[in-house]
Amino acid sequence: MRHARFVRKRSLAVLVAVASAAAIGVGVPAHADSGADNDSESAELMARFSEQDAARTAPTGLVAPGAYSAAYAQLSGLPAAAGSWTEVTRTPYNADDPRYRDPSASNSSGGAGYVTGRIQGLAVDKSCVFAGAAGGGVSRSCNGGTSWTPISDALPTQSIGYLAVASDGALWLATGDGTTGSSTYVGTGVYRLARPDSSSFSPADRVGGTELESQVIRKLVFDIPSNKVFVAASRGVYSHPLVGGATTAWSNILAPCRSGQLSCADVNSNYWDIANDVAVQPGTNGQVILANVAWRSGAAYNGFYLSTNAGASWAKVDPTGAINPKDIGNATMAYAADGSQLYVVLESPSQLLSGAASALQGVYVSRSGALAGPYTLIANSEKLAQSGSAERKQRIGGGYQPGVQAWYNQFAGVDPANPNHVYIGLEEVYESWDGGANWNTIGRYWNFGMDCWNYLDALNTCDGNVVHSDQHAIAFGTGSTAGQVFVGNDGGVYRRSMAAGTTSWTSLARSGQLDALQYYSVAVGKNVQPGAAPGSVQIWGGLQDNGVSLLDSTNSGQVSPFGGDGGDQLVDPNDGCRTVGEYVDLTLQMTLNCGKADGSAASDSAIINIGPEDPLPRFIAPFSADQTDANTWVAGGEFVWVNTKTWASTSGADWVQAADSGAGHSITSLASRNHTVWAGWCGSCNPGGAFNRGLVSNAGGSGYHQVATPSSVPLRMVTGVTPDPSDASSAYVVFGGYSRNWVDGPGNLAAGTGHLWKVTVTGAVDAAGNEQATWSDVSGNLPDIPGDHLLIASTGRVLLGTDLGVVETTLSSLRTGSPSWSRAAVPATIATRLVAGPDGNLYVATYGRGIWRTTL
C-alpha cells in the first residue's frame, strides 16, 4: 500500500521552477503531474502560495497598507443580513479512522490522530493555552483542550502570524499568515489583549496605525529593558513602545532594500526586506537585537543583521564557523534563557533552487551566544534522517528528506530550565538533551514506512511519537501546564511532557472545538445509507494538507476518506456516498461508497482516479456538474473538459477536450448551465507586467471563443463565474484583489474598480475570433474586498464569498445593476465556496474556520 506523499506528486523540477520564478518575478511554468515523485510536496506548497497570492495581489503584486482597514470599515457599514449561521464542522475530525484508508493516498493509520487546520501561533499563560490558526483566528482553552473559545472573531482579519504573552499577562497577536514569506493572506497589524483568560479581542485593541497592514508577521518579541516590542514582518523589522503609546505608529527600523542600506536590484521589489525572525539576546539589558532578513529563493540582502543599541542602528553580519554566509535563507533563532547559547535553523536558497532533497543548510549553535558566531553544525538533513525519522530515504524515498520544506516550516525552542535541551521543528519534531550532539525524532512525519507499521491496527506496534507534519510553532508550559511542551503544525496543536523518555503526544484538537480547518470547497448530498436519519445529509470538503473530510450522522464526527491535500469537490445531491474529490492539479478521484476502504487489496477499488491529462491545471483546478444537467460534468486546466459518463466513469479517458483557453493559460474558475460553459483564465498568472486574464465561452452559439474584454474591466484574477439563471448569454464574473486605489507599483491603474461584473455576449464574432460582449460593473455598494465565489440560489437569494466572509443581496437587487449588499453572520475569514444543499440549507466553506450553514 502506498500513501499520500508516495504518489501523485509533481516533479522536483516544478519546485525549482516555482522558486526561481518567484525570485525574479516571472511566470511559473506548467504544474503537470509527473508521477510518483516524493520530493514535490514542497513544489505543491509553493504553487499553492503563489496562486493564492496572485488572486489577491494581481496585477502588480503589491497592495498598499490601509486596504484591509478600508475594506473592513466598508463591510462594517453594511446592514446585518437576516438569519443566523451554524458552524457545522465544530466536531472531531479523525484522520486515522480505520474504515477510511484511501488505497492510493491514505492519511488513516499514519498516526496524526485528531486534526484541525494549520496552527501558526502558540502562547501559554499560567491558566490557558492560546492557538492562532493561519486563517481561523485565535482560540483559547483553559481546560487542556476539552473546549476552545474563539476570541478574535471581532477583528478584521483571522489570518494569524504569531502569539506571545507579555510579562504583564497581556496577549499580543501579530496578524498575517507568517508561513508565506510574501503576501498570500496578509493581516492588519498587531493587537494587545490585556485580560486574555476572560475577554476577547476587538478592533480597539490594535497597537499602532496602518503601518503593518497588508503584511505578514512571522515573529513578535519583547525587549523589556528598552520598553520596546519588535516584529519581523514582510517589509522589514518594526518597533513600538511596549508600554504606553498604543496609537503611536510603528517604526520601520530595518529595511535594507527600501532604506537604501543595500542595493537590491537582483530581486523583484515584491520580495524586498522580508524579515523572518527577530530576537533579543538575554543578559544584554535589551541592547543586542538580532534579525534574519532573507527571501527564501536568495537575494543579495539575505543575511543576519545586528543592533547593539536596542534597534537604533543595524549592521549586516557575516557569521563565522560552519555557516555559509553566502547561502542564508529563512532562519529561526532561539536563545537559551541565560543568553549563553544561540541556536539557529537555517534554510539554504541554493539547495532549494538546485532541487536538492532538502532545503536545510543545517542546525547550528553559537556557543558564545554571539550572532557572528563562531557556529558549530549540530544537525543536517542526513543526521536528522538517522534519528528515527520517517523521512529517512529508505522509508519515504530519496527525494524527500528532513528540511525539504525548510523555507516553509521551521521552529526552534530551548527548554527555559536547560540550555542543552533543544527542540527543532521542520516537517518533523526533533529533540536533543546534549546541545545538539545527539538527536531523536520525537514527532515523526507519520508511521508509514516504519518497521512498526501495519495497515491492520492489531499488528501496528508504533509508539505515539508522531504528530501531523509541517511544524510552525512551539511554546513551553507554565503554571498549570508547567513541564509540558506544545507544538503547532498543519494539523493543529499537540502536547507532551518534557520529561526524558516520553513516548506519546496528545492532540488538543480531539474535542473538535478547535475548528481551524482550511477548506477549498464544500459539497452536500442526501444521506441514503442504512440507518441514516431521515432528511440527513453528508457534507464533504477538500482541505489544505488534511485530505477530504466527510461529515454524516453515521460516523462519530468527521472522517478522511481521501488523503493528502483536498481540492474541489463534486457530490451527487441524491446520494452523498457518490463523490468526486480533487487531490491537486485536476487529479480527480471518484468513489461510489463514501470512500470506505480498510487498506486491504480487496478494497482498492473503492476509489478510482478519473482525472483528465491536462498540461496546465491550477493547484486547485475547477470542476463541477452542469447546473441543469447532472449527467454532464465540466473541468478546467488549460483546456475545458466535458464528461458525459459521470458516475459510470472508469478513467481520465472519459473526459473529452471541448476547448483550449489558450497556450500558457490556466482556467481559474468554471461553470456550466444548460451546456453553456463560462471559463475564466489567467496567463501569465503571476503578478507583473505579463499578467493577463480573460474569459472563454460557447455562450454565443457558434462554439467556444475568447470573450472580448475592454480595458475598463479589471486586470485582476477571475476568481468566480456564475451563469445568469434566466439569460444564457450572460454571466456574473467575480474578481479577486483590490481596486486600483490600493494597488501599488507600475500598472496599478489597470487593476480597475469593482469586484462583480456582468458580461453579456452579443453573438457576433470579430475578425480575430473574439466573441463580442458588453460588460458592466454591478458591484453596487460592495466593499473593496477580494471576491471568491458567487452563488445565485433558486429562491432568489444571492451570496458572495469574499476574503472577509460572506455578503448577500437578492437577484432582483442584482438585476438593477447597483445591488444593495448586507453582511452575513460568518467570521471575517476567507469564504472560498458556497453551495445550496438538497436539505434546503446553504453552506459556505471557509479557509480557516470550517464549514458553516444557514437555511435557504
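If you're wondering where the values come from, they're calculated on a predicted model, not measured in any experiment.

Chemist: Any chance you could explain the sheet that holds strand S54 (residues 822–823) here in plain terms?
Modeler: Across a sheet, strands are paired by hydrogen bonds formed along the backbone, either parallel or antiparallel in direction. The strand order across the open sheet formed by four strands is S51-S52-S53-S54, and the pairing between neighbours is antiparallel. Two strands close off the open sheet at either side, each with one partner strand: strand S51 (787–792) and S54. Pairing between strand S52 (residues 797–802) and strand S53 (residues 805–810): six bridges, direction antiparallel. In the strand pairing of S53, Leu800 is matched with Val807.

Chemist: Just to check I follow, could you spell out the environment of Val221 for this structure?
Modeler: Tracing the chain through its elements places Val221 in strand S11 (residues 217–223). Apart from the residues within four sequence positions on either side, Val221 is in contact with Lys228, Val229, Phe230, Val278 and Val280.

Chemist: I tried to follow the pattern of salt bridges on my own but got confused; where do I start?
Modeler: Close approach of charged atoms allows side chains with opposite charge to pair. Throughout the structure, instances matching the rule amount to 20 salt bridges. Note that Asp490 is salt-bridged to Arg118, the shortest N-O span being 3.7 Å. Separated by 372 residues along the polypeptide, Asp490 in the loop between strand S28 (484–489) and strand S29 (492–497) and Arg118 in the loop between strand S2 (93–94) and strand S3 (119–124) bring together distant segments of the chain. Taken individually, Asp490 and Arg118 each receive the classification buried, so the pair is uniform in this respect. The residue Asp724 makes a salt bridge to Lys758 at a minimum N-O spacing of 3.6 Å. Pair noted here: Asp724 is in the loop between strand S47 (718–723) and strand S48 (730–735) and Lys758 is in strand S49 (residues 756–765), with a separation of 34 residues, a long-range link. For Asp724, a relative accessible area of 2% translates into the label buried.

Chemist: Looking at this model, I keep getting lost on the state of the cysteines. Mind explaining?
Modeler: By definition, a disulfide is the covalent link that joins the sulfur atoms of two cysteine residues. Evaluated as defined, the whole model comprises five disulfides. Across a sulfur-sulfur distance of 1.9 Å, Cys577 and Cys594 are joined as a disulfide pair. Of note, the bridge from Cys577 to Cys594 carries an S-S torsion of about -85 degrees and is left-handed in sense. Within this pair, whereas Cys577 is found in strand S36 (residues 575–582), its partner Cys594 is found in the loop between strand S37 (588–591) and strand S38 (608–609), the two being separated by 17 residues in sequence. Residue classification places Cys577 among the buried residues on the basis of a relative accessible area of 8%. By sequence order of its bonded cysteines, the protein has the disulfide arrangement 1-2, 3-4, 5-6, 7-8, 9-10.

Chemist: Help me understand the environment of Asn107, please; the structure alone is not making it clear to me.
Modeler: Relative to the helices and strands, Asn107 resides in the loop between S2 and S3. Using a relative accessible area of 16% as the deciding quantity, one classes Asn107 as buried. It is 25 Å that separates the C-alpha atoms of Asn107 and Glu613, two residues lying 506 residues apart in sequence.

Chemist: How do you make sense of helix H3 (residues 67–76) when you look at a structure like this?
Modeler: Since the α-helix packs 3.6 residues into each turn, any two residues three or four apart lie on the same face. The complete set of buried residues in H3 reads Ala67, Tyr68, Ala71, Tyr72 and Leu75. Relative to the axis of H3, the buried residues are bounded by an arc of 125 degrees and lie together on one face. Looking at the buried side of H3, the elements it contacts are S53 and S54.

Chemist: What exactly am I supposed to notice about the pairing of S11 here?
Modeler: Working note: regular strand, side chains alternate between the two faces of the sheet. Buried residues dominate S11, accounting for seven of its seven residues. One ladder, built from six bridges, connects S11 with strand S12 (residues 228–233); its direction is antiparallel. Counterpart to Ile217 in the pairing with S12 is Ala233. Once S11 ends, the chain turns through four residues before running back antiparallel as S12, passing Asn227 with a positive phi of about 55 degrees.

Chemist: Honestly, the sheet that holds strand S57 (residues 851–855) in this entry has me stumped. Any pointers?
Modeler: Reading across the sheet, the four strands line up as S1-S57-S56-S55 and stay open at both edges, with antiparallel pairing between neighbours. One side of each edge strand has no neighbouring strand; the edge strands of this open sheet are strand S1 (86–87) and strand S55 (831–836). Pairing of S1 with S57 involves two bridges; the strand directions are antiparallel. Of the residues in S57, the one forming a bridge with Glu87 is Trp852.

Chemist: What should I look at first to understand the environment of Asn454 in this one?
Modeler: You can see Asn454 is positioned in the loop between strand S26 (440–443) and strand S27 (471–476). A C-alpha to C-alpha distance of 9.9 Å links Asn454 and Gly110, two positions 344 residues apart in sequence.

Chemist: Looking at this structure, how should I read the pairing of strand S41 (residues 639–643)?
Modeler: Burial within S41 is extensive, with four of its five residues counted as buried. Taken together, the four bridges between strand S40 (residues 633–636) and S41 define a ladder with antiparallel strand orientation. In the sheet register, Trp633 faces S41, and the bridge partner there is Asn643. Following S40, the chain reverses through two residues before pairing antiparallel with S41. Examined bridge by bridge, S41 and strand S42 (residues 656–660) share four bridges and lie antiparallel to one another. Within the sheet, the bridge partner assigned to Val640 lies in S42 and is Ala659.

Chemist: Got a minute to help me understand the packing of aromatic side chains in this structure?
Modeler: The description of an aromatic ring pair rests on the distance of the ring centres and on the angle between the ring planes. Evaluation of the coordinates by the stated rule reveals 16 aromatic pairs. Taking 4.3 Å as the distance between ring centres and 25 degrees as the angle between the ring planes, the aromatic pair formed by Tyr271 and Trp295 counts as stacked. With Tyr271 in the loop between strand S14 (251–254) and strand S15 (275–280) and Trp295 in the loop between strand S16 (289–293) and strand S17 (303–307), this residue pair connects regions lying 24 residues apart in the sequence. With a relative accessible area of 1%, Trp295 lands in the buried category. Ring geometry for Tyr520 and Tyr847: centres 5.5 Å apart, planes at 40 degrees, overall tilted. Taken together, the positions of Tyr520 in the loop between strand S30 (506–507) and strand S31 (523–526) and Tyr847 in the loop between strand S56 (841–846) and S57 put the pair 327 residues apart, joining distant regions of the chain. Note on accessibility: Tyr520 and Tyr847 belong to one class, buried. An aromatic cluster is defined as three or more aromatic residues linked by ring pairs; in this entry it consists of Tyr400, Tyr445, Trp446, Phe448 and Trp453.

Chemist: Just to check I follow, could you spell out the nonpolar core for this structure?
Modeler: For soluble globular proteins, nonpolar side chains are generally found buried alongside one another. Of all hydrophobic cores here, the largest spans 29 residues; its most connected members are Tyr423, Trp505, Val522, Ile539 and Tyr843. Going through the elements one at a time, S27, S28, strand S32 (537–542) and S56 are the ones with two or more residues in this core. Residues within four places of Trp505 in sequence aside, it is in contact with Val429, Ile442, Gly443, Gly464, Asn465, Val466, Val467, Val485, Val487, Tyr494, Arg495 and Arg496. Core analysis: the next-biggest nonpolar cluster, separate from the first, contains 26 residues, Ala71, Tyr732, Val807 and Leu814 among them.

Chemist: So what exactly am I meant to see when it comes to the side chain of Asp277 here?
Modeler: Within the secondary structure layout, Asp277 lies in strand S15. Within the local environment of Asp277, its side chain forms a polar contact with the backbone nitrogen of Met333, the two atoms lying 2.6 Å apart.

Parameters and conventions
Residues numbered from 1 in each chain as written. Predicted model: local features only at pLDDT ≥ 70, side-chain atom pairs only at ≥ 80, totals over all residues. Heavy atoms only, no water. Pairing = 2+ DSSP bridges. Helix = DSSP H or I, 4+ residues; strand = E, 2+ residues; numbered from the N terminus. Contact = heavy atoms within 4.5 Å. Salt bridge = Lys/Arg side-chain N within 4 Å of Asp/Glu carboxyl O. Buried < 20%, exposed > 50% of the residue type's maximum accessible area, 1.4 Å probe, protein only. Disulfide = S-S within 2.5 Å. Arc of directions from axis to C-beta. Phe/Tyr/Trp six-rings, centres within 6.5 Å; stacked < 30°, edge-to-face > 60°. Core = buried A, V, L, I, M, F, W, Y, C linked by side-chain atoms within 4.5 Å. Polar contact = N/O pair within 3.5 Å; in protein donor to acceptor, adjacent residues only side chain to side chain.

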